[in-house]
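Okay, here's what each chain looks like letter by letter:
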Amino acid sequence: MDAGWQIAAQIEFLRKQLADREPGSLRDAYLAVPVAGRPVFEGTTAPALTPQWQQRPSGLITPAVAPTQPIDLLLVYLTFREIFGFPADPGYPVRQLRALPLGVVLQFCAELLNALSQPGASRADVDRHFATQWLRDPFRARVLNLLRDPRRALLVPQALMLLARAAVEHSPDTLPEGAEQGNLIGALLTFSDLTGASGRQGPTVIADQPGELGREIIANQYFNGSTSVAHTLTRYMRRWRDGHPQVENVGGLVDLAAVYEECTGVTLDDLTIVAGALWIAACHGTVLTPAADLETLLPAGRAADVLSLISADPGTLREAVRAERAQRHTEWTFDAFQQYPVIRLGGLLLVVDQRYLIDRAFGWLPINDIRFPPRTRPRAAGHKKRAEQAVHTLRRLSELYVSEVLHSITGPGGARRVYDDAELKTAFQKKNQKIADAAIDYGDTWIVVEVTTSQLQRDAATAVPGNAQVDDIDKLLEEIHQIDATIQTLRRDESRLTGVANPIRRTYLPLLLLTEGFPVNPVSMTVIRERAHRKGLLQGQDVMPLEVLDVEELELIEALQEQQGVSLLTLIQRKQASHLERMPMRSYLYATITTPFGNPQRFEGKISEALRPLETALLEREQPTT
């Protein structure tokens, strides 16, 4: 038998194995592509329904499930056409807002935003409650049926903020007596549908530039990113309240609480009492609080002094929104509400969104009160230098806090040792030598860490067209230079740091830690890695891909280390081997860690400690006067 006949016989044998049992009408009707790991019935191309198995990291063998993909973490909002059966009219919201009192619209938005922000709130439950309460059949039934898909959602937080901002611009304070009110629900759902529908187009391939699509994705994530109150208050205690003893007699560092009072005339205790009382009320579903209630917690005039910093009346809010529009206003620009998360409506105080209130009082934003004191308070001589010292102090305390978390994570059962920047500089002292902030020894792997307090510029965070986001990423590249230089130095002679030669071939994991957050997603990570590669940074087969974490994600890993014994290195390695490799670490953790875990032990009592001035004020108010 010649070679041709042999090949023909083999082909016929394979045909019988793969297709001999299929009906003749199907044999020429389609092409079946074999896929590894998917068995078929002999003589057919029909997939066999055989069980698939996988081994978990614990060693337990369980039925295999499809791995989580980035798109699985996204919600798809219902469109106006899906709900009503016809397209939205772009001019409809403004026409309705002109026939709606400003206070009514702001309270409506505040109640929904706070419902979505409640600790432990279920977005699906809020959506269903809204549809049941505000929609009529047949639209209510249609929406409730669509919401049975867990990937669908109704209320868009951005649309609620756009509705509130547009109301500030177009709604009157009051309506003439007997005037018919506009359709508030129709205005909201129209905004939901039109958001992002500008018709602009950007590149579909993301490389070292985010493009228009990338800008929108980054702004979307920045807007929707929220921090845990427990995490925020714990960091507040470490940075704003407990940092003073560690900065005494240190050149250029100041007592932040003292400088805050000096520049604003308001104490941090008073700010805590007012903001804490309003936040607790919002957590209990009360977004409107009588201003007189706060006056009972503080001596005369002090609550008003705090409110002059964090609240605005409708007139002041309108001026702030107009200023936004003059400064390249986009669909993501809500500066006025971030500066004034409390709105004064007569004798009532409205909390627009408790997330904004917590950030305004306990996050980074109080530093702006120091930098830009109230107009009613004249700036003392040397104010500019004092403000610069305060900013420097807050940055330094933020970096020290991250170092403390790293030491906590790599304690007993973790890595051998964390080497801080002082030890790295001593070991590798050299003129113009760039050094990272920390290096963590995991035996066969060094994690090289750079900590930065850099934040997105306003234009980058709000997707203003231009190069703001690339400029911010390029600033981060300067931090990556530090990591790269440290990796090269360790490669050459790590014994100068450790004191011993290590014969094991090392792997290097570059880790960038941002204390104030960064929108990690497939777009931003692609851009930052591509730009780093173009500059020749983090090269070599012994260098793992760059990982970017924020401080809250580091705290989540700290909790996992304590409660489940999973190390920082292991979590990053697992994430980088998964389909969520370019997604935020918190997304990976919540998608893959099935065993519940709480906060780190360090958080014990920190919320009570942070709110102790409020607790004291409430107790004093309840005591009978003699």
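Values in this document were obtained by computation on a predicted structure and should not be read as measured data.

Visitor: I keep staring at the nonpolar core and nothing clicks. Help me out?
Guide: Across soluble globular proteins, nonpolar side chains have a tendency to be buried as a group. Grouped together as the largest cluster of nonpolar side chains are 56 residues, with contacts concentrated most on Phe108, Leu154, Leu163, Leu188 and Phe337. Only helix H3 (80–84), helix H5 (102–117), helix H6 (123–134), helix H8 (157–170), helix H9 (184–194), helix H10 (211–224), helix H17 (314–326) and helix H18 (335–339) provide two or more residues apiece to this core. A per-element tally of this core places H8 first, with nine residues. Among residues more than four places away in sequence, those in contact with phenylalanine 337 are Leu106, Met161, Ala164, Arg165, Val168, Leu317, Val352 and Tyr356. Counting residues in hydrophobic clusters, the runner-up holds 47 residues, among them Leu278, Val306, Leu349 and Ile367.

Visitor: Looking at this model, I keep getting lost on the pairing of strand S11 (residues 445–452). Mind explaining?
Guide: Walk down a regular strand and you will see the side chains alternate between the two sheet faces. In terms of burial, S11 is a largely internal element, eight of the eight residues being buried. Burial along S11 is two-sided: Thr445, Ile447, Val449 and Val451 facing one way and Trp446, Val448, Glu450 and Thr452 facing the other are all buried. Summarising the sheet, strand S10 (residues 438–441) and S11 pair through four bridges and their orientation is antiparallel. From the neighbouring strand, alanine 438 faces S11, where its bridge partner is valine 449. The antiparallel pairing of S10 with S11 creates a hairpin that spans three residues between the two strands, and glycine 443 there sits at a positive phi of about 85°. Two elements, S11 and strand S12 (residues 507–514), share eight bridges in a ladder whose sense is parallel. Bridge assignment links threonine 445 to a residue of S12, and that residue is threonine 507.

Visitor: Is there a simple way to think about the sheet that holds S10 in this case?
Guide: Within a sheet, each strand pairs with its neighbour through backbone hydrogen bonds, oriented either parallel or antiparallel. Taken in spatial order, the five strands make up an open sheet running S9-S10-S11-S12-S13, and their pairing is mixed. The open sheet has two edge strands, strand S9 (417–420) and strand S13 (547–550), and neither has a second partner. Each adjacent strand pair in this sheet contributes to an overall mean axis angle of 25°, direction not counted. Sheet topology note: the S12/S13 ladder contains four bridges and is parallel. Bridging across to S13, leucine 511 finds its partner in glutamate 547. Across the sheet, helix H28 (residues 568–576) is in contact with S10, S11, S12 and S13; its angle to S12 comes to roughly 95°.

Visitor: Hey, could you run me through the sheet that holds strand S8 (residues 348–351) in this one?
Guide: Sheet architecture is open: four strands sit in the order S5-S8-S7-S6, paired in mixed fashion. Of all strands in the sheet, those bounded by a partner on one side alone are strand S5 (288–290) and strand S6 (311–312). Direction of pairing for S6 relative to strand S7 (residues 342–345): parallel, over a ladder of two bridges. Across the sheet, residue alanine 312 finds its bridge partner in S7, namely isoleucine 343. Contacting S5, S7 and S8, helix H14 (residues 268–283) runs over the sheet at an angle of about 70° to S8.

Visitor: Mind showing me how you'd approach unusual backbone geometry here?
Guide: Backbone geometry follows two general trends: most residues other than glycine have a negative phi, and most peptide bonds adopt the trans configuration. Following aspartate 137, the chain continues into proline 138 via a peptide bond in cis, with omega recorded as 10°. Inspection of the secondary structure puts proline 138 in the loop between H6 and helix H7 (139–146). Phi at alanine 463 is positive, roughly 60°, even though this residue is not glycine. With respect to the helices and strands, alanine 463 occurs in the loop between helix H23 (458–461) and helix H24 (468–493). Residue classification places alanine 463 among the buried residues on the basis of a relative accessible area of 6%. Positive phi is not limited to glycine here, since leucine 538 has a value of about 55°. Assignment of secondary structure puts leucine 538 in the loop between helix H26 (522–534) and S13.

Conventions we followed
- Residues numbered from 1 in each chain as written.
- Predicted model: local features only at pLDDT ≥ 70, side-chain atom pairs only at ≥ 80, totals over all residues.
- Heavy atoms only, no water.
- Core = buried A, V, L, I, M, F, W, Y, C linked by side-chain atoms within 4.5 Å.
- Buried < 20%, exposed > 50% of the residue type's maximum accessible area, 1.4 Å probe, protein only.
- Helix = DSSP H or I, 4+ residues; strand = E, 2+ residues; numbered from the N terminus.
- Contact = heavy atoms within 4.5 Å.
- Pairing = 2+ DSSP bridges.
- Axes fitted to C-alpha atoms, helices over the stretch in contact; angles between N-to-C directions.

It is worth stressing that arrangement in space is one thing and function is another; only the former is reported here.
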